[in-house]
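Chain by chain, the residues run as shown.
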Amino acid sequence: HIGGDLTVEGSTALQGATTATTIDSTSTTDTSSKTTGALKTAGGLGVALKAHIGTGLTVDAGGATITNGGASITQSTDNPPLTVHASLDNTFSKQALLLKTTRAAAASNNFDYITAQTNAGAVKFQITGLGEVVSASTVDATASTEGSVRTLGGLGVKLKTHIGGTLIVEGTAETTDTTDTSSKTTGALKTAGGLGVALKAHIGTGLTVDAGGATIT
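Owing to the predicted nature of the structure, the values given are computational and were not obtained by experimental measurement.

The subject of this paragraph is the overall build of the protein. Helix and strand content of the protein: zero helices and five strands. Helices and strands appear in the protein in the N-to-C order β-β-β-β-β. When the 217 residues of the protein are sorted by exposure, 4% land in the buried category. Long-range contacts, defined as pairs at least 24 residues apart, comprise 3% of the intrachain contacts of the protein with a sequence gap of at least 6.

Right, dumping it as structure tokens:
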């Protein structure tokens, strides 16, 4: 039992438990593994209050668990603040990044899994507790390589799609809906405005004009 400070200028091997008010080492030996460095332990390390690491923290196995307080990363250099290496094993099939919550499903709209915001607090991107993906970007699309949401592949939408502006299709637009029409407000394809066709139009079973007649130039 050491009642005051313990200063070690060289190497010291402690075979049992050691209790001291302060352990101060003047060694500047850096660490490259769990068996190197100015301070080493063959067992665990318990810290009741804060731990301040000067240049880097490496966990070989077991992961890192934070019970309360969260984690804050401040990056002052032009490098990614967080890099996740999932696994070098080619059989890896788990999540590279898993976000979980114990909130009830009914309350899952009261929080976000991910929120990206500016230093002033303006929210730019969200993944809500309901799984909604929300972008605050107002970038419009004049080509398939522009816009607030871009994909090099296809886009699959199970339910409705609401487009506030113009829909431009560079390829073919196809619907598999077989709903027939009995009026101008029914059918597999409907428009509240006019219909402009630059080339041919092929009607399978019938053409009905309610008013205005038909003009063939």
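Moving on, we come to the environment of L167. In this fold, L167 is placed in the segment after β5 (133-135). Sequence spacing of L167 and A141 is 26 residues, and the spatial spacing of their C-alpha atoms is 9.8 Å.

As a further point, take the pairing of strand β3 (residues 112-117). In this structure, β3 lies alongside strand β4 (residues 123-128), joined through five bridges in antiparallel fashion. The residue of β4 that forms the bridge with Q117 is V123. Between β3 and β4, which follow one another and run antiparallel, lie five residues, and G121 among them has a positive phi close to 95 degrees.

The subject of this paragraph is a nonpolar patch on the surface. Judged by side-chain polarity, I73, L82, V84, L97, L99, Y113 and I114 come together as a nonpolar surface patch covering roughly 630 Å² of accessible area. On the secondary structure map, I73 appears in the loop between β2 (20-25) and β3. Look at I73 and you get exposed, because its relative accessible area is 51%.

Right, let's talk about the pairing of β4 for a bit. Here three bridges tie β4 to β5, and the two strands are oriented antiparallel to one another. In the strand pairing of β5, Q126 is matched with V134.

This brings us to the sheet that holds β4. With respect to topology, three strands assemble into an open sheet ordered β3-β4-β5, the strand pairing being antiparallel. Edge positions in the open sheet fall to β3 and β5, since each of these has one partner strand only. Going across the sheet, the axis of each strand differs from the next one's by a mean of 5 degrees, ignoring polarity.

What follows is about the side chain of T128. Looking at where T128 falls in the secondary structure, it is placed in strand β4. Here T128 falls in the buried class, since its relative accessible area comes to 9%.

Here the protein averages 86 in pLDDT, and 87% of its residues register 70 or above. In the model of the protein, strand β1 (residues 2-8) stands out as the element of lowest mean pLDDT, 68, in contrast to β5, which has the highest, 93.

About the criteria used
Residues numbered from 1 in each chain as written. Predicted model: local features only at pLDDT ≥ 70, side-chain atom pairs only at ≥ 80, totals over all residues. Heavy atoms only, no water. Helix = DSSP H or I, 4+ residues; strand = E, 2+ residues; numbered from the N terminus. Buried < 20%, exposed > 50% of the residue type's maximum accessible area, 1.4 Å probe, protein only. Contact = heavy atoms within 4.5 Å. Pairing = 2+ DSSP bridges. Patch = residues over 30% accessible without salt bridge, like charges linked within 9 Å, V, L, I, M, F, W, Y side chains within 5 Å. Areas by Shrake-Rupley, 256 points an atom, 1.4 Å probe, with all protein chains shown as cover. Salt bridge = Lys/Arg side-chain N within 4 Å of Asp/Glu carboxyl O. Axes fitted to C-alpha atoms, helices over the stretch in contact; angles between N-to-C directions. pLDDT = per-residue confidence, 0-100.

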